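Observations on the model geometry
Residues per chain are reported as follows:
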Amino acid sequence: MEIVSTVATMQQRVSDARAKGQKISFVPTMGYLHQGHLSLLEEGRKQGDLLVLSIFVNPTQFGQGEDFEEYPRDLDRDAELAETSGVDIIFAPMASEMYPKGYATYVDVEGITELLCGASRPGHFRGVTTVVSKLFNIVQPQVALFGNKDFQQLAVIRQMVFDLNMPIEIIGMPIFRENDGLAMSSRNVNLSDEQRQQALVLSRSLATAKRLASVGDIDCREIIATLKKSISAQPDARIDYLKICHQRTLEEQTRVDSDSVLLLAVFFGKTRLIDNGFLLG
Ligand code: AMP
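Residues numbered from 1 in each chain as written. Predicted model: local features only at pLDDT ≥ 70, side-chain atom pairs only at ≥ 80, totals over all residues. Heavy atoms only, no water.

1. Description of the sheet that holds strand 1 (residues 2-4)
Pairing in this open sheet of 6 strands is parallel, and the strands run 1-4-3-2-5-6 from one edge to the other. The open sheet has two edge strands, strand 1 and strand 6 (169-173), and neither has a second partner. On average, each strand axis in the sheet is inclined to that of its neighbour by 25°, with strand direction left out of account. When strand 2 (residues 24-29) meets strand 5 (residues 143-147), the two strands line up parallel, connected through 2 bridges. Paired with Phe 26 across the bridge in strand 5 is Ala 144. Against the sheet, helix 2 (residues 35-47) touches strand 2, strand 3 (50-55), strand 5 and strand 6, its axis set at about 160° to strand 5. Packed on one face of the sheet, helix 3 (residues 75-84) meets strand 1, strand 3 and strand 4 (89-91) and runs near 160° to strand 3. (Pairing = 2+ DSSP bridges. Helix = DSSP H or I, 4+ residues; strand = E, 2+ residues; numbered from the N terminus. Axes fitted to C-alpha atoms, helices over the stretch in contact; angles between N-to-C directions. Contact = heavy atoms within 4.5 Å.)

Now the structure itself:
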């Protein structure tokens, strides 16, 4: 396994691989790897001949006052995990390599980026689509893997790839959870023990909503009201959003159907966690 930090070297490796007829699979991350990331790498290993993992805490997707500085980082540990997962190349550039002085170009997907996380974090998706476009141009993968954990992000990436005719297959992967139900996230290490315990209300909320929908309680307002009560009962919880939306348009629904996804973003102290799941099926 090789760790590459410059765009020029990465593009050289990719052009060598392509000349040999190799298929490139790609998993973009911000590092501090956990089992969720590793499940993407495992599938990526099956999908391509050359597996590239990027590790880059992208400054342009963090807003003022967000956790860019506190975001956990440990490249040595990530490199060990990546090697055992069969990664061929880690692309881990510095911010100045990705955004050199005079940098001026951004990619903006309209519409679905204005809701949910986009409404709470203005400019977030502009940063995501910009960095992912750049990474796609640098790594030139035929296949890229993303997690359903970031449900809206995946929808935005699919829209961008479609609209900009990027010749890349996007594969969405299931949410990987801890044994007690908490969705794995690099940010979980920033929770206190008490907050970590309280955060279990997220997966419990998903289970409750599914149960209600399955017995025919499909009024979205009622489901949301029930969940709000139990989440607000957690002393450190502050709801950012809690919505039942159509899986493709991400527009809010009034009644649950087979396209309904519950999407949650909740702060526990300073740490903002997200989770989601389909309500029927
Ligand atoms: P991140 O490093 O948090 O930006 O995540 C990198 C990729 O891993 C994104 O496509 C995420 O959706 C995905 N991911 C993060 N957490 C999980 C999880 N618990 N299960 C599956 N995929 C995940």
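2. A word on a negative patch on the surface
A cluster of acidic side chains, namely Asp 74, Asp 76, Glu 80 and Glu 83, defines a negative patch on the protein surface. Position of Glu 80 relative to the elements: it lies in helix 3. Given a relative accessible area of 60%, Glu 80 falls into the exposed group. (Patch = residues over 30% accessible without salt bridge, like charges linked within 9 Å, V, L, I, M, F, W, Y side chains within 5 Å. Areas by Shrake-Rupley, 256 points an atom, 1.4 Å probe, with all protein chains shown as cover. Salt bridge = Lys/Arg side-chain N within 4 Å of Asp/Glu carboxyl O. Lys, Arg positive; Asp, Glu negative; His and termini not counted. Charge placed at Lys NZ, Arg CZ, Asp CG, Glu CD. Buried < 20%, exposed > 50% of the residue type's maximum accessible area, 1.4 Å probe, protein only.)

3. Examining the site of the ligand
Around the ligand, the surrounding shell holds 17 residues, and the nearest of these are Met 30, Gly 147, Asp 150, Phe 176 and Met 184. Contacts to the ligand include Met 30, whose backbone N or O atom sits 2.9 Å from an oxygen atom. Separating an oxygen atom of the ligand from a backbone N or O atom of Gly 147 is a distance of 2.9 Å. Relative to its free-state accessible area of 480 Å², the ligand is covered by the protein chains to the extent of 94%. When residues of the shell around the ligand are assigned to their parent elements, the largest contribution, 3 residues, is made by helix 2. Here the residues of the shell around the ligand are counted per class, giving 9 nonpolar, 6 polar and 2 charged. (Near = heavy atom within 4 Å. Polar contact = N/O pair within 3.5 Å; in protein donor to acceptor, adjacent residues only side chain to side chain. Nonpolar A, V, L, I, M, F, W, Y, C, P; charged D, E, K, R; others polar.)

4. Remarks on helix 10 (residues 220-232)
In this model helix 10 runs 18 Å from its N-terminal to its C-terminal C-alpha over 13 residues, within 8% of the 18 Å that 1.5 Å per residue would give. Where helix 10 is buried, its residues touch helix 9 (200-214), strand 7 (237-246) and strand 8 (260-268). By the N-cap criterion, in which a side-chain oxygen at the helix start approaches the backbone nitrogen of a residue two or three places on, helix 10 is capped by Asp 219, the distance to Arg 221 being 2.9 Å. (Expected span 1.5 Å × (residues − 1).)

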